[in-house]
Amino acid sequence: MQIFKNIKSLQYFLAEERQKKRSVGLVPTMGALHEGHLKLLNQSQKENDITVCSIYVNPAQFNNTDDLKKYPRDLDHDQFLLEKQACDVLFSPSDKEMYPEGNLNGIKLGFGKLEQVLEGKFRPGHFSGVGIILSKLFHIVNSDKAYFGQKDLQQCSVVRKLIEELFFSTQLVIVPTVRENNGLAMSSRNTRLSEKGKDLAANLYHAITKVKNLIEEGEKIEVARQAGISTLKEQPKIRQEYFEVIDKRDFTTAADITPKSEIAVCVAAFVEEVRLIDNVLVFS
Ligand code: AMP
């Protein structure tokens, strides 16, 4: 595996690969890799000649400095996992490389309604930071395809909008969520949970699945949503931030949903002070 910390040398390498007519897949991550990330990597490897995995904990997308400080980092182990899976390229730049002016707030991006609901509402500035770092990565790597997890469903909509509005030529590929045996969505943040916390956190998945099943059985959306909220409330150690049923195309909430909507049930909650998100698609 080739490892680059420098933009220019990565671009030089990729230009040579392009001359050989090799297609390039990009898997952007913040490291502390797990099987979810590796599934994205695996799909990219199947669909492209060269796969670039980027590992960069992007300060501009953290609206909470404590969250940034506590974000798990283990580059040596990540490198080991990537080598084991025969990843072609690891790009792990420094802050100085990605923000040479040292100014995280130099440019802001807006995503309209997407920023007013769920993750957008509860993490102000988060999607602007995501949009900026992905714009940088798309420019640097100029990938044919870029891989993102359904686990971050709203982020997928942000990426779709970013690609459309800024005319990036990369194709968005969305990969289903990889889960632990108990249903808990894999996440780098899970490393901060105790074993008990991981069991408790699986209730997020159970609650959203209950809502999915109720809606599929014909229950009214709001009734189903309230049932999910109540189920999760039975666990006093889980602090819910939001629990919404949305149309995944534009993230309008339950009240606006029509029979043609592509429905998803989304939750964000704190377990042992760790903020977790999850979602499931309804009728799919
Ligand atoms: P992160 O390192 O958390 O920023 O995630 C990098 C990419 O991996 C994002 O596109 C995530 O949506 C995706 N991802 C994270 N967790 C999972 C998972 N459990 N299953 C599938 N994809 C995931």
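Because the structure is a prediction, the values reported are computed rather than measured. (Residues numbered from 1 in each chain as written. Predicted model: local features only at pLDDT ≥ 70, side-chain atom pairs only at ≥ 80, totals over all residues. Heavy atoms only, no water.)

### Focus: unusual backbone geometry
Excluding glycine, a negative phi dihedral is what most residues carry, and trans is how most peptide bonds are arranged. Rules: Under the DSSP-based scheme used, a helix requires at least four consecutive residues in state H or I and a strand at least two consecutive residues in state E, with every element numbered from the N terminus. Exposure classes here rest on a 1.4 Å probe applied to the protein chains alone. A residue is buried below 20% of its type maximum, exposed above 50%, and partly exposed in between.
Of note in the backbone geometry, Leu118 takes a positive phi value of approximately 45° without being a glycine. Considering the arrangement of structural elements, one finds Leu118 in helix H6 (residues 118-122). Residue class for Leu118 comes out buried when judged on its relative accessible area of 5%. Positive phi is not limited to glycine here, since Phe167 has a value of about 55°.

### Some points on the pairing of strand E9 (residues 263-271)
To keep it simple, the criterion reads: Any two strands with at least two DSSP bridges between them are considered paired.
Most of E9 sits out of view: 9 of its 9 residues are buried. Neither face of E9 is left uncovered, since the one carrying Ile263, Val265, Val267, Ala269 and Val271 and the one carrying Ala264, Cys266, Ala268 and Phe270 both have all their residues buried. Here E9 pairs with strand E10 (residues 274-281) via 8 bridges, running antiparallel. For Val265, the partnering residue across the bridge sits in E10 and is Val280.

### Topic: the pattern of salt bridges
The criterion, for reference: Throughout this description, the term salt bridge denotes a Lys or Arg side-chain nitrogen within 4 Å of a carboxyl oxygen of Asp or Glu.
According to the stated counting rule, one finds 17 salt bridges in the structure shown. The structure contains a network of salt bridges with shared partners spanning Glu17, Lys20 and Arg22.

### Let's talk about the domain arrangement of the protein chain
Selection criterion: Residue ranges for the domains originate in an automatic or database domain assignment. Here a residue-residue contact requires only that any non-hydrogen atoms of the pair lie within 4.5 Å. Accessible area that two parts lose when put together, with a 1.4 Å probe and added across both, is what the buried area reports. Two N or O atoms form a polar contact when they lie within 3.5 Å of each other; inside protein one atom must be a possible hydrogen donor and the other a possible acceptor, and for residues adjacent in sequence the pair counts only when both atoms belong to side chains. Charged residues are taken to be Asp, Glu, Lys and Arg, nonpolar residues to be Ala, Val, Leu, Ile, Met, Phe, Trp, Tyr, Cys and Pro, and polar residues to be all remaining types, Gly included.
The domains assigned to the protein chain are domain 1 (2-175) and domain 2 (188-277). The gap between the C-alpha centroids of domain 1 and domain 2 is 26 Å. Domain 1 puts 21 residues into the contact, and the matching count from domain 2 is 18 residues. Overall, the association of domain 1 and domain 2 removes approximately 1,700 Å² of surface from exposure, summing both partners, and the carbon and sulfur fraction of that is 60%. When the buried surface of domain 1 facing domain 2 is broken down by residue, Leu118, Phe122 and Leu153 rank first, second and third, together holding 32% of it. Here domain 1 and domain 2 share 2 salt bridges between them. Note that Asp67 is salt-bridged to Arg189, the shortest N-O span being 2.7 Å. The interface formed by domain 1 and domain 2 holds 6 residue pairs in polar contact (both at pLDDT 80 or more) in total. Looking at the side of domain 1 that touches domain 2, the elements with two or more residues in it are helix H3 (65-70), H6 and helix H8 (153-165). Taken together, the residues of the side of domain 1 that touches domain 2 sort by class into 9 nonpolar, 5 polar and 7 charged.

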